Amino acid sequence: MSPLAIFHRLARATYSSLLLSTSQVRSFKASTWEDTITRISLWWEQARAVVVVPVFKFLVALCLIMSVMLFVEMMYMGLVVAYIKLFKRKPEKVYKWEAMEEDDVECGGESFPMVLVQIPMYNEKEVCEQSIAAACKISWPSNRIIIQVLDDSTDPASKELVKKECERWSKEGVNITFEIRDNRKGYKAGALREGMKHSYVKQCDYVAIFDADFQPEPDFLFRTVPFLIHNPKLALVQGRWEFVNAGQCMMTRLQEMSLSYHFMVEQQVGSSTFAFFGFNGTAGVWRISALNESGGWNDQTTVEDMDLAVRATLRGWKLLYLDDLKVKSELPCSFNALRSQQHRWTCGPANLFRKMAGKIIRSENVSLWKKLYMLYSFFFMRKLVAHVLSFCFYCVILPATVLFPEVTVPKWAAFYLPSLITLLIALGRLRSIHLLAFWVLFENAMSLVRTKALVMGLFETGRVQEWVVTEKLGDGLKTKLIAQAPEEHHVRFRDRVHLMELLVGAYLLFCGCYDIIYGKQTLFLYLLFQSMGFFVVGFGYVGKYVAASSS
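Per chain, residue numbering runs from 1 following the sequence as it is written. This being a predicted model, a pLDDT of at least 70 is required before a residue's local features are given, and a value of 80 or more before pairs of side-chain atoms are given or counted; all residues contribute to the totals for chains, interfaces and linings. In computing side-chain properties, one takes all heavy atoms of the structure into account and sets aside hydrogens as well as water.

1. A few points about the overall build of the protein chain
Then, in step 1: Numbering of helices and strands starts at the N terminus; helices are DSSP runs of H or I of at least 4 residues and strands are runs of E of at least 2. Scanning the protein chain for helices and strands turns up 17 helices and seven strands.
Then, in step 2: Relative to its 551 residues, the protein chain shows a buried fraction of 52%.
Then, in step 3: In what follows, residue pairs with any heavy atoms lying within 4.5 Å of each other are defined as contacts. A fraction of 83% describes how many contacts in the protein chain between residues 6 or more apart in sequence connect residues 24 or more apart.
Then, in step 4: Where accessible areas are quoted, they stem from the Shrake-Rupley method and a 1.4 Å probe; at the residue level, only the protein chains shown are allowed to cover. For the protein chain, the exposed surface amounts to about 26800 Å²; the carbon and sulfur share of it is 62%. Here the term buried applies to any residue with accessible area under 20% of the maximum for its type, exposed to any over 50%, and partly exposed to those in between, with areas from a 1.4 Å probe on protein chains only.

2. Comments concerning the nonpolar core
Then, in step 1: Among buried residues, those of type Ala, Val, Leu, Ile, Met, Phe, Trp, Tyr and Cys that are joined through side-chain atoms within 4.5 Å constitute a nonpolar core. Ranked by size, the top nonpolar core spans 154 residues in total, and within it Leu221 and Trp286 carry the most contacts.
Then, in step 2: The greatest single-element share of this core, amounting to 16 residues, is contributed by helix 11 (residues 368–400).
Then, in step 3: Setting aside residues up to four positions removed in sequence, Leu221 forms contacts with Val115, Ile138, Trp140, Ile145, Ala208, Pro226 and Val285.

3. A closer look at helix 10 (residues 335–362)
Then, in step 1: An expected span of 1.5 Å times one less than the residue number is assigned to each helix. Taking 1.5 Å of rise per residue, 28 residues should cover 40 Å, and helix 10 covers 41 Å from first to last C-alpha, within 8% of that figure.
Then, in step 2: Axes are fitted to the seven residues ending at a residue and to the seven starting at it; the angle between these axes is taken as the bend at that residue. Within helix 10, the axis deviates most sharply at Met356, by approximately 50°.

4. Description of the pairing of strand 2 (residues 145–151)
A regular strand places its side chains so that they alternate between the two faces of the sheet.
Then, in step 1: Counted residue by residue, strand 2 has seven buried out of seven residues, so it is predominantly covered.
Then, in step 2: Handedness of the strand 1 (residues 115–121)-helix 3 (residues 128–136)-strand 2 crossover: right-handed.
Then, in step 3: Looking at chain direction, strand 2 and strand 3 (residues 176–180) are connected through five bridges and run parallel. Opposite Val149, over in strand 3, you have Phe178 as the bridge partner. Looking down the strands as they point away from you, a crossover is right-handed if its path from the first strand over the helix to the second goes clockwise. A strand pair is defined by DSSP finding two or more bridges across the two strands.

5. Some thoughts on the side chain of Gln118
Then, in step 1: Looking at where Gln118 falls in the secondary structure, it is placed in strand 1.
Then, in step 2: Here Gln148 takes part through its side chain, which lies 2.8 Å from a polar atom of the side chain of Gln118.
Then, in step 3: Setting aside anything within four residues of it in sequence, one finds Gln118 in contact with Gln148, Leu150, Leu192, Gly195, Met196, Val207, Ala208, Ile209 and Phe210. Polar contacts, as used here, are pairs of N or O atoms within 3.5 Å; protein pairs need one atom able to donate a hydrogen and one able to accept it. Residues neighboring in sequence count only if both atoms are side-chain atoms.

6. Notes on the packing of aromatic side chains
Then, in step 1: Pairing of aromatic rings covers Phe, Tyr and Trp, the last through its six-membered ring, and needs centres within 6.5 Å; plane angles under 30 degrees mean stacked, over 60 mean edge-to-face, and all others mean tilted. The tally for this structure, following the rule as stated, stands at 22 aromatic pairs.
Then, in step 2: Between Phe276 and Phe378, the aromatic rings sit 4.9 Å apart at their centres with planes inclined by 75°, giving edge-to-face as the arrangement. Taken together, the residues Phe276 in the loop between helix 7 (250–274) and strand 6 (284–287) and Phe378 in helix 11 connect sequence positions 102 residues apart. Neither residue differs from the other here; Phe276 and Phe378 are each classed as buried.
Then, in step 3: With 4.9 Å between their ring centres and 85° between their planes, Phe378 and Phe379 make a pair best called edge-to-face. Of the two residues examined, Phe378 and Phe379, each falls in the buried class.
Then, in step 4: Among the aromatic side chains, those forming a connected cluster through ring pairs are Phe214, Trp241, Phe263, Phe277, Tyr321 and Trp345.

7. Some words on the packing of helix 10 against helix 13 (residues 436–459)
Then, in step 1: Two elements in contact, helix 10 and helix 13, have axes separated by 7 Å at closest approach and are oriented at 40°. By the angle between their axes, helix 10 is oblique relative to helix 13. Between helix 10 and helix 13 lies a crossing whose hand is right-handed. Mapping the contact onto sequence places Phe335, Leu338, Arg339, Gln342, His343, Thr346, Cys347, Ala350, Asn351, Phe353 and Arg354 in helix 10 and Phe442, Met446, Val449, Arg450, Lys452, Ala453, Leu454, Met456, Gly457, Leu458 and Phe459 in helix 13. Axes, fitted as lines to C-alpha atoms, cover a helix only where it is in contact. Angles between the N-to-C directions of the axes lie from 0 to 180 degrees. Under this scheme an angle from 65 to 115 degrees is roughly perpendicular, one under 35 degrees roughly parallel, and one over 145 degrees roughly antiparallel; angles in between are oblique. What makes a crossing left-handed is the near helix being turned counterclockwise from the far one by less than a right angle; a clockwise turn instead makes it right-handed.

8. Comments concerning the pattern of salt bridges
Then, in step 1: Each reported salt bridge corresponds to a side-chain nitrogen of Lys or Arg within 4 Å of a carboxyl oxygen of Asp or Glu. Evaluation of the coordinates by the stated rule reveals 20 salt bridges.
Then, in step 2: One salt bridge in this structure joins Glu466 and Arg463, with 2.6 Å as the shortest N-O distance.
Then, in step 3: Judged by its relative accessible area of 27%, Glu466 is partly exposed.

9. Points about the UniProt feature "transmembrane region" (unreviewed entry) in the protein chain
Then, in step 1: UniProt positions are given in the numbering used here, feature names are shortened, and annotations may be inferred rather than shown by experiment. When the UniProt feature table is mapped to this numbering, "transmembrane region" (unreviewed entry) covers residues 58–84, 384–404, 416–442, 499–517 and 523–542.
Then, in step 2: Secondary structure across residues 58–84 divides into 100% helix and 0% strand, with the first and last C-alpha atoms of the span separated by 39 Å.
Then, in step 3: With 75% helix and 0% strand, the stretch residues 523–542 has end C-alpha atoms that lie 25 Å from each other.

10. So, the sheet that holds strand 2
Whether parallel or antiparallel, the strands of a sheet pair through hydrogen bonds between backbone atoms.
Then, in step 1: As summarised here, the arrangement of the seven strands in space is 3-2-1-4-6-5-7, forming an open sheet in which the pairing is mixed. Two strands bound the open sheet, and with one partner strand each, they are strand 3 and strand 7 (318–329). Each neighbouring strand pair of the sheet contributes to a mean axis angle of 20°, computed without reference to strand direction.
Then, in step 2: Bridging between strand 1 and strand 4 (residues 206–209) involves four bridges; their strand directions are parallel. Within strand 4, the position partnered with Gln118 by the bridge is Ile209.
Then, in step 3: The strands touched by helix 4 (residues 156–171) within the sheet are strand 1, strand 2 and strand 3, with strand 3 carrying the most contacts at an inclination of about 160°.
Then, in step 4: Strands strand 1, strand 2, strand 4, strand 5 (234–243), strand 6 and strand 7 of the sheet are contacted by helix 6 (residues 220–230), whose axis makes an angle of about 175° with strand 7.

11. Brief notes about helix 17 (residues 524–538)
Then, in step 1: Compared with the 21 Å implied by 1.5 Å per residue over 15 residues, the 20 Å span of helix 17 between its first and last C-alpha is a close match.
Then, in step 2: Those residues of helix 17 that sit buried are Leu527, Gln530, Ser531, Gly533, Phe534, Val537 and Gly538. Down the axis, helix 17 shows its buried residues gathered within 155° of arc, on one side only.
Then, in step 3: Immediately downstream of helix 17, the backbone of Gly540 shows phi near 75°, a positive value. Of all possible arcs, the one meant is that of the directions from the helix axis to the C-beta atoms.

12. Some points on the environment of Ile288
Then, in step 1: Its location among the elements puts Ile288 in helix 8 (residues 288–293).
Then, in step 2: When the C-alpha atoms of Ile288 and Val201 are compared, they prove to be 9.4 Å apart, with 87 residues separating the residues in sequence.
Then, in step 3: Ignoring anything within four residues of it in the chain, the contact list for Ile288 reads Met196, Val201, Cys204, Asp205, Tyr206 and Val207.

13. With respect to the packing of helix 7 against helix 13
Then, in step 1: Contact pair helix 7 / helix 13: the axes reach a minimum separation of 10 Å and the direction vectors enclose 85°. By the angle between their directions, the pair helix 7 and helix 13 is classed as roughly perpendicular. Facing helix 7, whose interface residues are Met250, Met251, Leu254, Met257 and Ser258, helix 13 presents Leu436, Phe438, Trp439, Phe442 and Glu443.
Then, in step 2: Here the term charged refers only to Asp, Glu, Lys and Arg, the term nonpolar to Ala, Val, Leu, Ile, Met, Phe, Trp, Tyr, Cys and Pro, and the term polar to all other amino acids, Gly among them. Within the contact of helix 7 with helix 13, the residues separate by chemical class into eight nonpolar, one polar and one charged.

14. Looking at unusual backbone geometry
Then, in step 1: For Asn123, which is not glycine, the phi dihedral falls at a positive 50°.
Then, in step 2: With respect to the element layout, Asn123 can be found in the loop between strand 1 and helix 3.
Then, in step 3: Of note in the backbone geometry, Ala275 takes a positive phi value of approximately 55° without being a glycine.
Then, in step 4: Examined against the element boundaries, Ala275 turns out to sit in the loop between helix 7 and strand 6.
Then, in step 5: On the accessibility criterion, Ala275 (8% relative accessible area) is buried.

Below you can see the structure in the form of structure tokens.
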């Protein structure tokens, strides 16, 4: 055989072996990849069976227990309110109350107690005139009342407007003072605390507090002060908020539903059963001696009002809520303003619970049942469980059940119980009952903000001490919104988009589509609608857009 033939034969043999080696490598790689996938699949099935599903079942069971607890709590409050209405247990029948003669106002009213009216403000030129006017028109002997405007404004225009308004009413004979300070330490609590340090306050017996957007009726003091005069253990008389702009947009209507239930049920139940509830920070009258004995205004949390109510209760004082005493106020119609407000209203109580739970337990001036009410009903159920359940169960765990067929949620927990709870809340504002479905979707979407705030408050992290004054629009509300309507499309995209809400919306949409394709439930109906709710909120298409003030 020639050398050339030998070379060709060796070349063909080498080529054939190379081809064989390549196919073996490919086959090996394919088998290795398949083995990896198989191993991961087996690992996941084992982990799912041993860890994931049992943990998920435990979380579902925990949520079911909390659902029942919340339902029992709301049924209890509903029965108390029914009892109050049925047997007409008005505060005038429970506490001593004697009407004061309004004719004495014209005669000087020397028998009237001295009352201080505090109006804390911060860059609120839209509402300062109407709030100061309402306070100055309160019917009370002019020599027995002092109007104290506490202005922390950093906007020179706002400060100048408030000062001129105070001077105008002073020229008309009203005893009004304009007080400022060179810092905002303690925010509202700090302003109120500094206001109480002035020498003329020492002659006052009671202090009425109104936020900048509140407009009390002229007879406000005549309806509240007599309770304090004739009941020496009473520290506070609280009025109910009434909203002048409830019909401004869908968002304000939904807020009205929630707050109406809060006042008509939660506040009334606390006042009627244990003489304790959370002071709302405005539209109330405090006995100054009780305020001072309780330690005065404290800025350890962003809910200085609730903090003071708790400390006064631990000192043995009683609190009274009057459901028929309505004070006009304003709801935030900007979604960003509402988010900031809800953050403070959720983070603050959670942080207060962390700081005051031990003091409540150790208190010697409070009965065991009252301690149980404060810790369990007021704080644990209403300020913690209600928010956690709304988000974790209805927006995370319940949707995830479509991915885990082994885990089932009973119909009574998934539908009947939340429906009954929703109907109980709707009783607070029957004229808006046709908006019930929108209210559920909106409240669930807002539960994300509240849950984040709750975690910050409990663990004292992040924005736990953040205080953002809720923007008010005052008498110019309709004009201002109409004028700005054409400019809504100029709002920056990043200012109106909320990423976390969009992510939750995408998660719910995925679960809804998965349930349609693979599931055997009809849960997709709720999931798709709720995902739309999160998308609407996430893209900021809720409420009204108001241009930021120059301050």
